[in-house]
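Letter by letter, the chains look like this.
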Number of protein chains: 4
Amino acid sequence: MNPSSQPRRAQPLEVTEWLNTDHPIELDSLVGKVVVIYAFQMLCPGCVMHGLPQAAKVSRLYPKDEVQVIGLHSVFEHHDVMTVPALKTFVSEYSYNFPIAVDKPADVGPTPITMSNYAMRGTPTVILIDKAGSLRFQRFGQLTDMQIGSYIGRLLTESGSDHQDLSTTGSESDTDGCTSEGCKA
Amino acid sequence: MNPSSQPRRAQPLEVTEWLNTDHPIELDSLVGKVVVIYAFQMLCPGCVMHGLPQAAKVSRLYPKDEVQVIGLHSVFEHHDVMTVPALKTFVSEYSYNFPIAVDKPADVGPTPITMSNYAMRGTPTVILIDKAGSLRFQRFGQLTDMQIGSYIGRLLTESGSDHQDLSTTGSESDTDGCTSEGCKA
Amino acid sequence: MNPSSQPRRAQPLEVTEWLNTDHPIELDSLVGKVVVIYAFQMLCPGCVMHGLPQAAKVSRLYPKDEVQVIGLHSVFEHHDVMTVPALKTFVSEYSYNFPIAVDKPADVGPTPITMSNYAMRGTPTVILIDKAGSLRFQRFGQLTDMQIGSYIGRLLTESGSDHQDLSTTGSESDTDGCTSEGCKA
Amino acid sequence: MNPSSQPRRAQPLEVTEWLNTDHPIELDSLVGKVVVIYAFQMLCPGCVMHGLPQAAKVSRLYPKDEVQVIGLHSVFEHHDVMTVPALKTFVSEYSYNFPIAVDKPADVGPTPITMSNYAMRGTPTVILIDKAGSLRFQRFGQLTDMQIGSYIGRLLTESGSDHQDLSTTGSESDTDGCTSEGCKA
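To start, this report covers the structure provided alongside it. (Residues numbered from 1 in each chain as written. Chains lettered and ligands numbered in written order. Predicted model: local features only at pLDDT ≥ 70, side-chain atom pairs only at ≥ 80, totals over all residues. Heavy atoms only, no water.)

## Concerning the pairing of strand 6 (residues 125-129) of chain B
Residue and element names in this part refer to chain B. Among the 5 residues of strand 6, 5 are classified as buried, and the element is accordingly described as predominantly covered. The two faces of strand 6 match: Thr125, Ile127 and Ile129 on one face and Val126 and Leu128 on the other face are all buried. When strand 2 (residues 34-40) meets strand 6, the two strands line up antiparallel, connected through 5 bridges. Looking at strand 6, one finds that isoleucine 37 is bridged to isoleucine 127. As defined by bridge partners, strand 6 adjoins strand 7 (residues 135-140) across 5 bridges and the pair is classed as antiparallel. Along strand 7, the bridge assignment pairs valine 126 with arginine 139. Turn length for the strand 6-strand 7 hairpin, with the two strands adjacent in sequence and antiparallel, is 5 residues, and the turn residue glycine 133 shows positive phi of about 95 degrees. (Buried < 20%, exposed > 50% of the residue type's maximum accessible area, 1.4 Å probe, protein only. Helix = DSSP H or I, 4+ residues; strand = E, 2+ residues; numbered from the N terminus. Pairing = 2+ DSSP bridges.)

Structure, rendered in C-alpha cells:
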C-alpha cells in the first residue's frame, strides 16, 4: 500500500463537483504543501465518528500554506441516498469547512473513478501526498491522532529527495462490511 | 416541559413506517414498561454523535421487558435528503437494532405531526414515559449517561400514584440552528 | 455480593480521620438519603482514572439532601506511601470536595477494618446504601455512568419496604493485581 | 521558550535515581534518537490524567531506536509525600515501563536542579531534544496527541543543520496552582 523506494506521482483526483471552495483544486497546484485526503462516505460510521472529525482537527492545527486537507466523497454503495444534495446538507449541518470533492462515478460499476485509480479498499481511507506531489501513504481504516500527526510532521520536514518509508506502524482493518473502523468495498 | 403534579397520558406516536420491528408499536401496548424515546434526524450531528449512541447503550443495559427504547425520526428540515430509504441505509450502516419510527409528515408545514403534538423544540429530544403510560420527562438537547440512567432508574422503581418531578437537573440548549448539542426547529 | 430478599443494615464505617467535613459522619445520621461510598486507594489507577471522577460527578449531579457521596480510603497495600498526609495532598491537588474517610487499620494484617467488615475484594468498590440505611449494592470494579445513575435513581424513588434486587447488570472484575479496572486484594 | 535560529545543546539531566532501566541514561548517549521528556509530579492531576498516558502512547508508537521517552519526576511541592518509594509504587501500579528519572533536589529551595536548569514553569512539561542533542521544544501544560505526534515526526525526519522552529501551534497555560492542565511552580 505504501510506495517504498520510488514514490510515484499522485494521480489526479477525478471530481464532478467541489464543496467549500470557489474553484476546483488540482493536486498539481498544491506542490509545496503536504496534502491530506480523507476519502469517506457520508453514511459510513467510521468516517462520521472518527475520520472526518480528525480531518477537521488536522485542518485547524496546521497553517493553510503548509497542509491542505481535502475530503473526498467516494460513494461505492447506496448511491441513491448518498447524493450530492444529501452530501451538501451533511457538510453544512456538521459545519465542515475544508474543501470536499465528489468522486466521479464510473460508467460501469459502483466504484467511483478516483477510488478505483487509487485502489482504495473502502472508507475511510487516508492518503498523504508529499510536498513534491508524490503519493507517500495510503491506509484504509482509522489512524490515531498521534499517527496522523507524526506522518504529517515527517512530510512537512523532509526536503529534496530523501524519502523515508512512512508505513512503520499500525495495520489495516480486515473486516467485511461496515464496522466501527470503516466500510469495506 | 415537565408535567408536574398531574402527569398526562402520553399522546400516541403518529408514524408512517417502522424499522427494526415486525409490527407497529402502540404506546398503549407498552404499559408496564418504561419507554425512552429519542427523537432525531439522521443528519443532525448532536443526534448522531451523542443521542443515538446513548439510545443504543440504554437498549443494551436494560432488559427488554423493563425498558423499551424507541427512535423517532422527526424530520423538520432538509426533507428531500432525509428520506425513508436514506434512513434505512443509515440505520443499517450504524447497526442500530432498536425499533425506529418515522414521524408522520404534516399536511402543511415542515414539522411532522408527533413532533408538533409533543411541542418538541428540535432534535435530539429525549422523552420518558412511565410504566402507567404518562409523559414524565421531555428535553431538547443532550443528557449525560448518568442523568438518563438516573431518570430511568427512578421510573423503573416507582409504583402506584407516587409521581416525583424528574426535572431536577440540567437545562435546555438555547442556540439556534445545529450545534454539537442538537438542531433547533 | 448483593443482599437480596432481606437487605441488612449497613455496618458502621470504622474511620480514623475525615477529610472535607467538619465532623465525623455516622451512617445512622444519613437515614433518608441514598449513600454512595467509593472505596479507593490513592495510587490505584482504576480509582484515580475512573472511580473518583465518577464519584465527583455523582456529587455534582444530585442535591446534597438526597444523595451523600463518601470516599473511603481503604489501603490494603503499600501502606508506607499511601499515608494520611499523602492522601490529603492527593485530595487537595485533585480538588475533590466530597467527604473522605480514612479506613481504620487492623491490629493484624494489611486489610483495614471497614474493608474487612464489608468483605471488599479490592479497590475501587462501589457501595450503595438505601434511604432506610440498608446495604443494597456492592461491587468491585468499574460501573458505567449509566449504571450508577440507574442504581441511584432506583434507590431515590423507592419507598417503604419494597426492595428490588439491584444487581441485574454487569459483572465483577476477576483479574489479580492492579489493572485498568482496579486493584485486587 | 523555544530556541529559534540557534538551537542550544540540551543540558544534562541531574538525576539521583532511575526507574525502569538498568543503568543511568546520559542524554549524550542518545544522539541519533529523538528524545521526549515528560516532567511530572506523581500527584499532579494533569500529569496523571493526560501527560503520562500520552508518554506511554509515544513509547508504544515509536521504535526504541528512533524515539526515547523519559519521565522526569520533578517535585517542587509536597516533597514529604512524593518520595522515591512513593514514586516507585506509583510507577508499578500504573505499569509504566519507560525509563523514569528522579530530578535531583536542590541544596536550597523546593525546585529540583534539572527543573531549574531548564527554567520549567510547572508540571507537566514536555521537552523535545533532536537527534543532534539540541533542545528544540519545551512547553508547560498539555499538548494534544496530534501536536506531539507532529513535533516528533518533524524531528525524526530532519537531517543536518536544517532546523525549523517547532512552536507554531498552541499556547501555554497561565493559571496558578493545580488545574486540569497542570501544576504551576
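Let's pick the thread back up.
## Some points on the relation of the copies chain A and chain D
Take chain A, turn it by 180 degrees, move it 0.0 Å along the axis, and it overlays chain D with an RMSD of 0.0 Å. Given the turn and translation reported, the copies of this chain are related as if by a two-fold rotation axis. When you check the interface residues of chain A against chain D, 100% turn up at the interface there too, and the contact is symmetric in its surfaces. (Least-squares fit on C-alpha atoms with pLDDT ≥ 70 in both. Contact = heavy atoms within 4.5 Å.)

## Notes on the state of the cysteines
All names here are of chain C. The tally for this structure, following the rule as stated, stands at 8 disulfides over all chains. Here cysteine 44 is linked by a disulfide to cysteine 47, with a sulfur-sulfur distance of 2.5 Å. Every disulfide takes its handedness from the sign of the S-S torsion; for cysteine 44 and cysteine 47 that torsion is 80 degrees, giving right-handed. You'll find cysteine 44 and cysteine 47 in the same group, each marked buried. Through a disulfide, cysteine 178 is tied to cysteine 183; the S-S separation comes to 2.0 Å. Because the sign of the S-S torsion sets the handedness, a value of about 105 degrees for the bond joining cysteine 178 and cysteine 183 places this disulfide among the right-handed ones. Here cysteine 178 falls in the partly exposed class, since its relative accessible area comes to 22%. For cysteine 183, a relative accessible area of 0% gives the class buried. Within chain A, bonded cysteines paired by disulfides and numbered along the sequence follow the pattern 1-2, 3-4. (Disulfide = S-S within 2.5 Å.)

## Thoughts on helix 1 (residues 45-61) of chain C
All names here are of chain C. Between the first and last C-alpha of helix 1 there are 24 Å, a value that for 17 residues agrees with the 24 Å anticipated at 1.5 Å per step. Glycine 51 marks the point of greatest bend in helix 1, at about 35 degrees, and the proline proline 53 comes within the next four residues. Within helix 1, 12 of the 17 residues are buried, which leaves the element mostly enclosed by the surrounding structure. For helix 1, every residue scored as buried is listed here: Pro45, Gly46, Cys47, Val48, Gly51, Leu52, Gln54, Ala55, Ala56, Val58, Ser59 and Leu61. (Expected span 1.5 Å × (residues − 1). Bend = angle between axes of the 7 residues up to and from the residue.)

## Re the packing of helix 1 (residues 45-61) of chain D against helix 4 (residues 145-157) of chain D
Residue and element names in this part refer to chain D. At a closest axis distance of 11 Å, the pairing of helix 1 and helix 4 adopts a crossing angle of 40 degrees. The angle between the axes of helix 1 and helix 4 places the two elements in the oblique class. Here helix 1 runs over helix 4; the crossing is right-handed. Residues Gln54, Lys57 and Val58 of helix 1 touch helix 4, and the partners they reach there are Asp145, Ile148 and Ile152. Classifying every residue of the contact of helix 1 with helix 4 gives 3 nonpolar, 1 polar and 2 charged. (Axes fitted to C-alpha atoms, helices over the stretch in contact; angles between N-to-C directions. Parallel < 35°, antiparallel > 145°, perpendicular 65-115°, else oblique. Left-handed = near helix turned anticlockwise from the far one by under 90°. Nonpolar A, V, L, I, M, F, W, Y, C, P; charged D, E, K, R; others polar.)

## Considering the relation of the copies chain D and chain C
Rotating chain D by 180 degrees about the axis while translating it 0.0 Å along that axis superimposes it on chain C, leaving an RMSD of 0.0 Å. Most of the interface of chain D is mirrored in chain C: 100% of its interface residues are interface residues there too.

## What to know about the interface of chain A and chain D
Across the contact, 19 residues belong to chain A and 19 residues belong to chain D. Here chain A and chain D share an interface that buries about 1700 Å² over both sides, 65% of which is from carbon and sulfur atoms. Contact with chain D buries area across many residues of chain A, yet Leu61, Met146 and Thr157 of chain A alone supply 40% of it, more than any other trio. At the junction of chain A with chain D, the criterion picks out 2 salt bridges. Between arginine 154 of chain A and glutamate 66 of chain D there is a salt bridge, with its nearest N and O atoms 3.4 Å apart. Viewed at the interface, chain D and chain A are joined by 6 residue pairs in polar contact (both at pLDDT 80 or more). When contributions to the side of chain A that touches chain D are tallied by element, the ones reaching two or more residues are helix 1 (45-61) and helix 4 (145-157) of chain A. Looking at the side of chain A that touches chain D, the element that brings in the most residues is helix 4 of chain A, giving 10 residues. (Buried area = accessible area lost by both parts, 1.4 Å probe. Salt bridge = Lys/Arg side-chain N within 4 Å of Asp/Glu carboxyl O. Polar contact = N/O pair within 3.5 Å; in protein donor to acceptor, adjacent residues only side chain to side chain.)

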